[in-house]
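Structure at a glance
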Amino acid sequence: MIRFEPRSNPGPILVYGVPVFAAVFAILLAAIPLALAGAPIMDAYGLMITGAFGSVFSTSEMLTRATPLILTGLAAAIAFRAKLWNIGAEGQLYMGAMAAVVVGTGVIDGPSWVMIR
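What counts, and at which threshold
- Residues numbered from 1 in each chain as written.
- Predicted model: local features only at pLDDT ≥ 70, side-chain atom pairs only at ≥ 80, totals over all residues.
- Heavy atoms only, no water.
- Helix = DSSP H or I, 4+ residues; strand = E, 2+ residues; numbered from the N terminus.
- Rg over C-alpha atoms; globule rule 2.2 N^0.38 Å.
- Buried < 20%, exposed > 50% of the residue type's maximum accessible area, 1.4 Å probe, protein only.
- Lys, Arg positive; Asp, Glu negative; His and termini not counted.
- Charge placed at Lys NZ, Arg CZ, Asp CG, Glu CD.
- Phe/Tyr/Trp six-rings, centres within 6.5 Å; stacked < 30°, edge-to-face > 60°.

Another point: the overall build of the chain. Looking only at helices and strands, the chain features 5 helices and 0 strands. In sequence order, the chain lays out its α and β elements as α-α-α-α-α. On C-alpha atoms alone, the chain measures out to a radius of gyration of 21 Å, which is more than a quarter above the 13 Å that the 2.2 N^0.38 rule sets for 117 residues. Overall size of the chain, expressed as C-alpha extent along the three principal axes, is 60 × 50 × 30 Å. Expressed as a percentage of the 117 residues in the chain, the buried residues total 9%. Charged side chains of the chain number 6 positive and 5 negative; the gap between the two group centres comes to 17 Å.

Here's what the structure looks like:
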């Protein structure tokens, strides 16, 4: 059986270099489909940054859309730390969203004291 053990004293290259390398490598990999599509790569990256952080509205919209995904990832991380295997987090997110829409639009009608809880 494979057993993972944390390193006792990881060097600064592992602590800082690996995450920076991963981010740069991800940006380079994302440039491949942009180049194949014939898009100007630097302009496309500039538009992505402007679209996410260009104004107060765009930043708040980005955070509004990212929050459920961040919370779903945190929920899965907590389950994994507890050594539980949860592969249904995305489905649970979608089912919760659909239940909120059904209750919020009034498709399910019930007494107010039940619907508030």
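Text resumes after the structure shown.
Across all of its chains, the model carries 2 aromatic pairs by this definition. Taken together, a centroid distance of 5.9 Å and an interplanar angle of 15° make the contact between Phe 21 and Phe 25 stacked. Taken together, the positions of Phe 21 and Phe 25, both in helix H1 (residues 12-37) and 4 residues apart, correspond to about one turn of that helix. You can call Phe 21 exposed: its relative accessible area is 57%.

Position of Ala 76 among the secondary structure elements: in helix H3 (residues 56-81). Separated by 12 residues in the primary sequence, Ala 76 and Gly 88 have C-alpha atoms spaced 8.8 Å apart.

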